[in-house]
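Structural overview
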Amino acid sequence: MSHCSKDALTDLFGWFLQVLLAGLAFTCLILKRFCEPTVERRPWLIWFYDTSKQGMGALVIHLANVFLASNYQGDPCTWYIINFLLDSSVGLFILYIGIRLCQYLSRAKHWDSINFGEYGKPPSPQAWLIQCALYVLLMMIVKTCITLLMMLDFWDSVQQFILSPFSNPRIEVALVMLIIPFFVNALMFWVTDNFLMRKQTTRRKESLLQRARFRYRKIRREKKEDSESETLISADEELIGSIEGAQSRLSNVTVT
């Protein structure tokens, strides 16, 4: 049965699929930005700061997977897809822990630059560079953990049948470099972007508080206007009453 050759992931067809995948994956992130509520939608600069970290981290992981898959014994396509799926599941969990740890340290130690999604006002390129370097470091830790996990003998059995239904090398390459990664990356990039972007909880609370204050002031103003109206009506009624009383007394005097 014919399978991928050693250079199947790095020939012209393989690189074409990789570039196409990268373009489709970041198109999903652009779509995600337009799916955000209008009042919370990130400016393009902040969106670029958030997503570029993912881009650099994904590039590091992808190149590492291509290199490792080509150096394992057997079909490199199967080794690549095993690594990729582990990165997208176990690796995503490790990445989540790393991001949350960085956010905790930023609050505890007041290291604002490592708080993912926070770049200061105005946004600081220095904070972005620090977060990019930190994110790439986290991805390298993820890749190290996955590589150690791949040393288990269990994966040799998985590798033998994972793409066994397919005998065409081009179909295998398309599956492992474009079709499967596109759907998995679309979900993974979407979820990871939620980890990395600035949380809007505080902004929502401030917005709700402002609305409550506005409503309170409006009610007070209406009550004040009602009170002033009641005072004017009461004064008018007293004036009318005094006029009617004066007319009544005048009538009595005239009759007498």
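Residues numbered from 1 in each chain as written. Predicted model: local features only at pLDDT ≥ 70, side-chain atom pairs only at ≥ 80, totals over all residues. Heavy atoms only, no water.

1. A closer look at the overall build of the protein chain
Short version of the rule: Secondary structure is summarised from DSSP: a helix means a run of H or I of at least four residues, a strand means a run of E of at least two, and numbering begins at the N terminus for each. Each residue is assigned to one of three classes by its accessible area relative to the maximum for its type, calculated with a 1.4 Å probe on protein chains only: buried under 20%, partly exposed between the two thresholds, exposed over 50%. Pairs of residues are marked as contacts when any of their non-hydrogen atoms sit within 4.5 Å. Per-residue accessibility takes into account occlusion by the displayed protein chains alone, with areas from the Shrake-Rupley method and a 1.4 Å probe.
Within the protein chain one finds seven helices and zero strands. Each helix (α) and strand (β) of the protein chain, taken in turn from the N terminus, gives the series α-α-α-α-α-α-α. Here the protein chain holds 256 residues, and 36% of them are scored as buried. Taking the intrachain contacts of the protein chain between residues at least 6 apart in sequence as the baseline, contacts between residues at least 24 apart amount to 75%. Taken as a whole, the protein chain presents about 16000 Å² of accessible surface, with 66% of it coming from carbon and sulfur.

2. Brief notes about unusual backbone geometry
Both trends apply: most residues other than glycine have a negative phi, and most peptide bonds are in trans. Cis geometry marks the peptide bond from Lys121 to Pro122; its omega dihedral reads -5 degrees. Looking at where Pro122 falls in the secondary structure, it is placed in the loop between α3 (76-109) and α4 (125-149). A positive phi is found at His110, a non-glycine position, where the angle reads about 60 degrees. Tracing the chain through its elements places His110 in the loop between α3 and α4. Residue class for His110 comes out exposed when judged on its relative accessible area of 65%.

3. Details of the UniProt feature "transmembrane region" (unreviewed entry) in the protein chain
The line we're drawing: UniProt positions are given in the numbering used here, feature names are shortened, and annotations may be inferred rather than shown by experiment.
According to UniProt, the positions carrying the feature "transmembrane region" (unreviewed entry) are residues 12-34, 79-99, 128-151 and 171-196. Across residues 12-34 one finds 100% helix and 0% strand; the C-alpha atoms that close the span lie 34 Å apart. The annotated region residues 79-99 carries 100% helix and 0% strand content, and the separation between its end C-alpha atoms amounts to 28 Å.

4. Considerations on the pattern of salt bridges
Heads up, the rule is: For this document, the term salt bridge refers to a Lys or Arg side-chain nitrogen within 4 Å of an Asp or Glu carboxyl oxygen.
Scanning all chains against the criterion turns up seven salt bridges. We note a salt bridge from Arg42 to Asp193, for which the minimum N-O separation is 2.8 Å. One end of the pair, Arg42, is in the loop between α1 (12-35) and α2 (44-71); the other, Asp193, is in helix α6 (residues 169-196), with 151 residues separating them in the sequence. Looking at Arg42, the relative accessible area reads 4%, which means it is buried. The class of Asp193 is buried, set by a relative accessible area of 0%. Ionic contacts of the salt-bridge type, sharing partners, join the residues Lys32, Glu36, Arg42, Asp50, Lys53 and Asp193 into one network.

5. What about the environment of Leu31?
Mapped onto the elements, Leu31 comes out in helix α1. In this structure the C-alpha to C-alpha distance between Leu31 and Trp190, which are 159 residues apart in sequence, comes to 9.8 Å.

6. Let's talk about the layout of surface pockets
The criterion, for reference: Definitions used throughout: a 1 Å grid over protein atoms alone; a cavity as a set of points that fits a 1.4 Å probe which cannot get out; a pocket as an open set with protein on both sides within 12 Å along at least five of seven lines; a lining residue as one with an atom within 4 Å of a point. Grid points are joined across faces, edges and corners, and a volume is the space filled by probe spheres set on the points. Basically, the charged four are Asp, Glu, Lys and Arg, the nonpolar ten are Ala, Val, Leu, Ile, Met, Phe, Trp, Tyr, Cys and Pro, and anything else, Gly included, counts as polar.
Within this model, the largest pocket holds a volume of roughly 470 Å³. Lining the largest pocket are 26 residues, with Ala58, Leu59, His62, Asn185 and Phe189 sitting closest to its centre. Broken down by element, the residue count for the lining of the largest pocket peaks at nine residues, all from α2. The class makeup of the residues in the lining of the largest pocket is 16 nonpolar, nine polar and one charged.

7. Side note on the packing of aromatic side chains
Put simply, the rule reads: A pair of Phe, Tyr and Trp rings is counted when the ring centres sit within 6.5 Å of each other, with Trp represented by its six-membered ring. The angle between the planes then sorts it: under 30 degrees is stacked, over 60 is edge-to-face, the rest tilted. The criterion is that NZ of a Lys, or CZ of an Arg, lies within 6 Å of the ring centre and within 35 degrees of the ring normal, and then a charge sits over that ring.
In the structure shown here, the tally under the stated rule is twelve aromatic pairs. Arranged with centres 4.9 Å apart and planes meeting at 70 degrees, the rings of Phe154 and Trp155 form a pair that is edge-to-face. Among the residues examined, Phe154 registers a relative accessible area of 53% and is labelled exposed. Over the ring of Phe34 we find Arg33, and its NZ or CZ is 5.4 Å from the ring centre. For Arg170, the ring lying beneath its charged end belongs to Phe13, and the centroid distance is 4.5 Å.

8. Brief notes about the packing of α2 against α4
Note the cut-off: Lines fitted to C-alpha atoms define the axes here, with helix axes fitted over just the stretch in contact, and angles between the N-to-C directions of these axes take values from 0 to 180 degrees. Each angle gets one of four labels, with under 35 degrees taken as roughly parallel, over 145 as roughly antiparallel, 65 to 115 as roughly perpendicular, and the rest as oblique. Should the near helix be turned anticlockwise from the far one by less than a right angle, the crossing is left-handed, and should it be turned clockwise, the crossing is right-handed.
Where α2 contacts α4, the two axes come as close as 9 Å, and the packing angle between them is 30 degrees. Between α2 and α4, the angle is such that the two are roughly parallel. α2 and α4 meet at a crossing whose hand is right-handed. Along its contact with α2, which presents Phe48, Tyr49, Ser52, Lys53, Gln54, Met56, Gly57, Val60, Ile61, Ala64, Asn65 and Leu68, the element α4 presents Pro125, Trp128, Gln131, Cys132, Tyr135, Val136, Met139, Met140, Lys143 and Thr147.

9. What about the packing of α2 against α6?
The angle between the axes and the distance between the axes are what describe a pair of packed helices. One can describe the packing of α2 onto α6 by two numbers: an axis separation of 11 Å at closest approach and a directional angle of 140 degrees. When the axes of α2 and α6 are compared, the pair comes out oblique. Here α2 runs over α6; the crossing is right-handed. Only Met177, Met188, Phe189, Thr192, Asp193 and Leu196 of α6 make contact with α2, whose side of the interface consists of Asp50, Thr51, Lys53, Gln54, Ala58 and His62. Considering only residue class, the contact of α2 with α6 consists of five nonpolar, four polar and three charged.

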